[in-house]
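Residue strings, one per chain:
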Amino acid sequence: MAAPRSPLSRLFTVLLAGLLAGLALAVAALPGNLLLGFATRTAIGSYAALPGALRTPVTPQRSYLYANDGKTLLTTFYDVNRTDVPLAQVAPVMRQAIVAAEDRRFYEHGGADLRGLARALVANVKGGGTEQGGSTLTMQYVRNVLKTDPTRTAAERAAATDPTMGRKIQEIRYAGALEQSLGKDEILDRYLNIAYFGAGAYGIAAASQRYFGKTAAQLTLAESALLAGLVQSPDAYSPIGGDKDQALVRRSYVLDSMVATGSISAAQAAQAKAEALTLHPTAQPNGCTAMAQGHDDWGYFCDYLRQWWLAQPTFGATVAEREQALRAGGYTVVTSLDPQIQATAQQQATKVYGYDNKRALPVAAVQPGTGRVLAMAVNRHYSLADNPPGQGTYPNTVNPLISGGASVDGYQAGSTFKLFTMLAALESGRTLSTGFDAPAKLPTRYDAEGPGSCDGHWCPANANPDWMDGYRMMWDGFGRSVNTYFVWLAEQVGQDKVVEMAQRLGITFRADADAAFAKDNAARWGSFTLGVAATTPLDLANAYATVAAEGTYCTPLPVVSVTAADGAKVPVGEPSCKRVIDADVARAATDAARCPVGQQSAFGQCNGGTATTVNDILDGRPVAGKTGSSEQNSTETFVGFTPQVAVAGIAVNPDDPTDSVGSAVQAKVIDAVARVIAAAVKGQPEKAFVAPSHDLAGDPHRPVERPVVPDPKPTQDDDRSLLQRWLDRRG
């Protein structure tokens with residue numbers, strides 16, 4: 001039943017009825033074309049003088065996020081659940097139903113149906129039944145646009161529904177002007193895309209999905225009649241949270257009206273009336289915490305994409321404007337997320353640590369040569385749900401554990417940073433065969449005190465002297481992860497050059513202490529090559545992807561394409577890439593990076609590695625990578641790459657850096673990352689790495705450089721406590 005009308009509404013009705021009742025009697029017998037002419041003359045002077053929103057509709061629409069296949073829906077963003085759909089994609093019975101329900105003479109009048117309006121006004125004055133509207137579809141469209149136009153003030157939007165004679169006359173005039181310039185199908189198209197159908201659904205596309213889980217083109221006669229019947233009183237009649245019986249009464253009314261207009265036969269109406277009310281309610285996901293059921297792991301990628309979106313000037317001059325564009329712009333976003341790689345990454349992350357473990361394995365996968373982010377996984381639910389007592393951020397959190405930002409600075413990645421030292425050395429003119437008799441401990445020029453010092457100098461040590469000490473070149477120094485070799489190499493090159501190389505490849509210093517040291521003391525950051533600066537799996541994977549792409553750095557990119565509501569491509573989906581290191585330098589580093597994973601370099605100089613199981617998992621496919629262990633094994637890292645993908649994973653307690661994950665988990669991290677790589681390249685043609693030039697390989701038989709070795713015997717333990725001075729500085 002309609003809600004009781006206010007005294008003001010009845011007064012307006014009486015006054016307007018008095019004006020129009022006589023007119024209705026006078027024109028009742030006139031031909032339709034004369035009535036059309038009369039209505040037309042009520043219009044304003046021209047279509048161009050109409051409010052802008054009536055000429056060019058500004059209707060908020062939800063934006064869709066899809067996986068990289070363009071089909072798998074990740075989520076949607078909206079303030080108003082609406083998606084415009086062309087009239088040709090609306091079932092014909094739906095078009096007929098809405099005309100029969102709301103405006104039977106739609107194809108006869110010129111915007112205002114004076115007969116219908118006067119008849120409704122007189123009936124409403126007499127009372128005694130359901131209030132009649134008398135507004136045509138065109139008039140309703142005018143009202144809907146003006147009351148939702150985001151370019152108008154709140155007062156102006158409220159005035160669009162004022163129960164005043166002036167407002168009604170203006171509505172009639174605007175409707176007439178529209179009819180002079182737009183075809184009936186265009187008006188019907190616009191109406192169906194703005195009408196409210198209840199249950200939060202605006203427009204026929206959203207209503208079809210909300211009530212029946214199907215497109216507007218798939219609606220049946222019974223379903224169309226039900227939806228058309230809701231428009232008069234959407235919330236009251238809605239079978240979702242409203243009055244189901246009244247919804248069926250309205251459905252019958254619409255079916256009878258369709259018979260009266262000749263759209264369907266009486267037999268068809270009877271058959272549709274006999275159909276049971278069968279709903280398939282579909283709640284449209286909204287935002288990153290409302291992903292498809294069972295896929296809350298997609299939320300971390302979604303959040304990364306949203307942060308990327310808010311930084312794009314294309315979508316607005318301010319963050320607020322960009323947010324509004326995402327929630328109301330009707331964009332179709334094909335993201336870079338690969339569902340299959342993501343599924344494997346999530347499976348592997350939770351295989352190492354379960355959802356209810358305080359420790360985590362954030363994993364990121366990046367495509368070399370484009371920077372497109374293929375997967376972001378961690379053993380957490382992306383959710384705002386409460387956690388059990390004592391578990392502040394697990395199993396549920398929305399912290400950006402994989403990409404960093406907000407309160408997440410990142411995690412130490414240990415010896416994976418030796419790559420930057422090797423690149424800086426190669427770029428400076430040194431070769432892969434640069435030899436050094438690496439000692440168990442190496443006295444440096446940096447002052448230090450305590451157990452990590454040798455005669456007042458910082459004195460880094462090798463984790464496994466029996467296996468690491470001795471004559472090393474870049475190949476086996478990298479393969480065996482020899483600390484003293486790379487600290488020595490960094491000293492020869494210049495620590496500031498190593499820091500700059502890391503930044504060039506996309507390593508971002510989010511921790512204040514790291515940023516300050518990089519800015520003011522990079523030349524004295526002796527421990528940098530041992531991976532003491534915080535980073536994230538995404539930054540690390542992309543840095544190694546730069547080497548995989550032979551020196552071409554690409555800004556991490558979460559999209560493949562973005563299409564505006566009007567079908568126009570938005571120019572933000574193309575990779576942003578640039579050469580940051582010489583291709584031959586990158587090839588040389590890759591050649592050495594094959595040693596850790598159990599493969600052989602192009603020059604046969606690999607003789608041991610820290611992650612040799614990777615070769616077996618990849619079944620001999622060309623692959624490279626590096627392990628990393630931080631102070632007291634507080635983190636364990638592995639990053640691997642092929643020419644097609646780079647993947648990084650860091651085992652860590654993201655809430656407590658003093659909680660060491662332990663060395664035992666390293667093998668699991670290596671296995672997990674390697675299996676993500678295997679899933680990413682499955683079905684792709686095998687691509688070989690290009691060998692570096694002989695100029696960069698150098699002569700493996702060049703003279704050995706020997707350091708002064710201190711007297712104290714090296715310990716058998718991983719003496720990374722030598723980095724404590726740096727850790728103390730970081731707090």
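Our subject in this report is the structure included herewith. (Residues numbered from 1 in each chain as written. Predicted model: local features only at pLDDT ≥ 70, side-chain atom pairs only at ≥ 80, totals over all residues. Heavy atoms only, no water.)

Overview of the overall build of the protein chain
Rule in force here: Per the convention used, a helix needs a DSSP run of H or I reaching at least four residues, while a strand needs a run of E reaching at least two, with both numbered from the N terminus. Each residue's exposure class comes from its accessible area (1.4 Å probe, protein chains only) as a fraction of the maximum for that residue type: buried when under 20%, exposed when over 50%, partly exposed otherwise. Should any heavy atoms of two residues lie within 4.5 Å, those residues are counted as being in contact. Exposure was quantified through the Shrake-Rupley algorithm and a 1.4 Å probe, taking into account, for residues, occlusion by the shown protein chains and nothing else.
Counting its secondary structure elements, the protein chain contains 29 helices and 22 strands. For the protein chain, with 731 residues in total, the buried portion stands at 56%. Expressed as a percentage of contacts within the protein chain between residues at least 6 apart in sequence, the contacts between residues at least 24 apart total 72%. Of the roughly 28,900 Å² of accessible surface on the protein chain, 51% is carried by carbon and sulfur atoms.

Re the packing of aromatic side chains
Under the convention used in this document: Stacked, tilted and edge-to-face are the three classes applied to pairs of Phe, Tyr and Trp rings, where Trp contributes its six-membered ring and a pair requires centres within 6.5 Å; stacked means planes under 30 degrees apart, edge-to-face means over 60, and tilted covers the rest. Whether a charge sits over a ring comes down to the Lys NZ or Arg CZ being within 6 Å of the ring centre and within 35 degrees of the ring normal.
According to the stated counting rule, one finds 23 aromatic pairs in the structure shown. Ring geometry for phenylalanine 417 and phenylalanine 420: centres 5.1 Å apart, planes at 75°, overall edge-to-face. Using a relative accessible area of 0% as the deciding quantity, one classes phenylalanine 417 as buried. One aromatic cluster in this structure is built from Phe417, Phe420, Phe509, Phe517, Trp525 and Phe528. Its guanidinium or amino end placed over the ring of phenylalanine 106, lysine 184 lies 4.6 Å from that ring's centre, counting from NZ or CZ. Lying over the aromatic face of phenylalanine 478, lysine 626 brings its terminal NZ or CZ to 5.6 Å of the ring centre.

A short note on the state of the cysteines
Counted only if it meets this: Whenever a pair of cysteine sulfur atoms sits within 2.5 Å, that pair is classed as a disulfide.
Inspection of every chain in the model, using the stated rule, returns four disulfides. Each sulfur in the disulfide pair cysteine 454 and cysteine 459 lies 2.0 Å from the other. On the sign convention where negative means left-handed, the S-S torsion of about -75° between cysteine 454 and cysteine 459 marks this disulfide as left-handed. In terms of burial, cysteine 454 and cysteine 459 fall into one category: buried. The residue that forms a disulfide with cysteine 554 is cysteine 577, at a sulfur-sulfur distance of 2.1 Å.

Points about the pairing of strand S7 (residues 373-377)
Note the threshold: The pairing criterion is simple: DSSP has to find at least two bridges between the two strands.
Where burial is concerned, most of S7 is hidden: five out of the five residues are buried. Across four bridges, the pairing between strand S6 (residues 363-366) and S7 is antiparallel. Paired with alanine 365 across the two strands is alanine 375, which belongs to S7.

A closer look at the pairing of strand S20 (residues 624-629)
Burial analysis of S20 places six of its six residues in the buried class, which makes it a mostly covered element. Every second residue of S20 is oriented toward a common face, with Ala624, Lys626 and Gly628 on one face and Gly625, Thr627 and Ser629 on the other, all of them buried. As paired elements, S20 and strand S21 (residues 636-641) share six bridges and run antiparallel to each other. Opposite glycine 625, over in S21, you have glycine 640 as the bridge partner.

Side note on the side chain of threonine 83
Let me state the cut-off plainly: Polar contact is the term for a pair of N or O atoms within 3.5 Å; when the atoms are in protein, one must be able to donate a hydrogen and the other to accept it, and sequence-neighboring residues count only if both atoms are side-chain atoms.
Here threonine 83 lies in the loop between strand S3 (81-82) and helix H4 (92-102). Within the local environment of threonine 83, its side chain forms a polar contact with the side chain of arginine 62, the two groups lying 3.3 Å apart.

A short note on the nonpolar core
Our working definition: Nonpolar cores are built from buried Ala, Val, Leu, Ile, Met, Phe, Trp, Tyr and Cys residues. Side-chain atoms within 4.5 Å join them into one set.
Within the largest apolar cluster, 111 residues are counted, with the highest numbers of intra-cluster contacts made by Trp309, Phe420 and Met422. In this structure, methionine 422 is in contact with Leu432, Met474, Phe478, Phe486, Leu489, Ala589 and Ala592, ignoring residues within four places of it in sequence. Counting 60 residues, the second-largest nonpolar core is a separate cluster that includes Leu50, Ala91, Ala97 and Ala100.

Details of unusual backbone geometry
The linkage connecting tyrosine 394 with the following residue, proline 395, adopts the cis geometry, with an omega of 5°. Tracing the chain through its elements places proline 395 in the loop between strand S8 (381-382) and strand S9 (396-397). Phi angles above zero are rare outside glycine, and glutamine 632 is one such case at about 55°. Locating glutamine 632 in the fold gives a position in the loop between S20 and S21.

Describing the sheet that holds strand S22 (residues 646-651)
The criterion, for reference: Lines fitted to C-alpha atoms define the axes here, with helix axes fitted over just the stretch in contact, and angles between the N-to-C directions of these axes take values from 0 to 180 degrees.
Reading across the sheet, the five strands line up as S7-S6-S22-S21-S20 and stay open at both edges, with antiparallel pairing between neighbours. The outermost strands of the open sheet, each flanked by one partner alone, are S7 and S20. Each strand axis lies, on average, 5° off the axis of its neighbour in the sheet, ignoring direction. For S6 and S22, the ladder comprises four bridges, and the chain directions are antiparallel.

Here's the deal with helix H11 (residues 221-230)
With 10 of 10 residues buried, H11 lies mostly within the body of the structure. Every buried residue belonging to H11 is among Leu221, Ala222, Glu223, Ser224, Ala225, Leu226, Leu227, Ala228, Gly229 and Leu230, and all of these are buried. Tucked into the core, H11 has its buried residues touching H4, helix H10 (203-212), helix H12 (234-237), helix H13 (244-261) and helix H14 (266-274).

Brief notes about the sheet that holds strand S2 (residues 73-77)
Within a beta sheet, neighbouring strands are joined by backbone hydrogen bonds and run either parallel or antiparallel to one another. Across the sheet, which stays open at both edges, the five strands sit in the order S2-S1-S5-S17-S18 with mixed pairing between neighbours. With partners counted over all chains shown, the strands left at the sheet margins are S2 and strand S18 (569-570), one partner each. The pairing of strand S17 (residues 559-563) with S18 spans two bridges and is antiparallel. What sits directly across from valine 562, in S18, is valine 570. Running at roughly 120° to strand S5 (residues 332-335), helix H15 (residues 299-310) makes contact with strand S1 (63-66), S2, S5 and S17 of the sheet.

Thoughts on the environment of serine 407
Secondary-structure assignment places serine 407 in the loop between S9 and strand S10 (411-412). With relative accessibility at 59%, the residue serine 407 sits in the exposed group.

Let's talk about the pattern of salt bridges
Side-chain pairs of opposite charge can arise where the charged atoms are in close proximity. Applied cut-off: Each salt bridge in this description consists of a side-chain nitrogen of Lys or Arg and a carboxyl oxygen of Asp or Glu lying within 4 Å of one another.
Taken as a whole and assessed by the stated rule, the structure comprises 22 salt bridges. For arginine 359, the salt bridge identified is with aspartate 659, shortest N-O distance 2.8 Å. You can see arginine 359 sitting in the loop between helix H17 (339-352) and S6 and its partner aspartate 659 sitting in the loop between S22 and helix H27 (666-681), a full 300 residues away along the chain. Across the pair arginine 504 and glutamate 500 runs a salt bridge whose closest N-O atoms are separated by 2.7 Å. Note that arginine 504 and glutamate 500 are positioned in helix H22 (residues 495-504) at a spacing of four residues, about one turn of the helix. The class of arginine 504 is partly exposed, set by a relative accessible area of 22%. Ionic contacts of the salt-bridge type, sharing partners, join the residues Arg143, Arg167, Lys168 and Glu171 into one network.

What to know about the packing of helix H18 (residues 418-427) against helix H21 (residues 483-493)
Definition in use: Each angle is binned into one of four classes, with values under 35 degrees roughly parallel, values over 145 roughly antiparallel, values of 65 to 115 roughly perpendicular, and all other values oblique. Crossing handedness is read from the near helix: turned anticlockwise from the far helix by less than a right angle, it gives a left-handed crossing, and turned clockwise, a right-handed one.
Their axes nearest at 9 Å, the elements H18 and H21 cross at an angle of 45°. Relative to H21, the element H18 lies oblique. Judged by the twist between their axes, the crossing of H18 over H21 is left-handed. Side by side, H18 and H21 meet where Lys418, Thr421, Met422, Ala424 and Ala425 of the first sit next to Asn483, Phe486, Leu489, Ala490 and Val493 of the second.

Some points on the environment of valine 259
Relative to the helices and strands, valine 259 is located in helix H13. Sequence separation of valine 259 and alanine 269 is 10 residues, and the distance between their C-alpha atoms is 7.1 Å. Among all residues touching valine 259, those that are not within four sequence positions of it are Ile264, Ser265, Ala266 and Ala269.

Regarding the packing of H18 against H22
For clarity, the cut-off: Under this grouping Gly is polar, as are all residues other than the nonpolar Ala, Val, Leu, Ile, Met, Phe, Trp, Tyr, Cys and Pro and the charged Asp, Glu, Lys and Arg.
H22 packs onto H18 with a crossing angle of 110° between their chain directions and a minimal axis gap of 8 Å. Taken together, the axis directions place H18 and H22 in an arrangement best described as roughly perpendicular. Contacts between H18 and H22 involve Phe420, Thr421, Leu423, Ala424 and Glu427 on the former and, on the latter, Lys497, Val498, Met501, Ala502 and Arg504. The residue inventory of the contact of H18 with H22, partitioned by class, reads six nonpolar, one polar and three charged.

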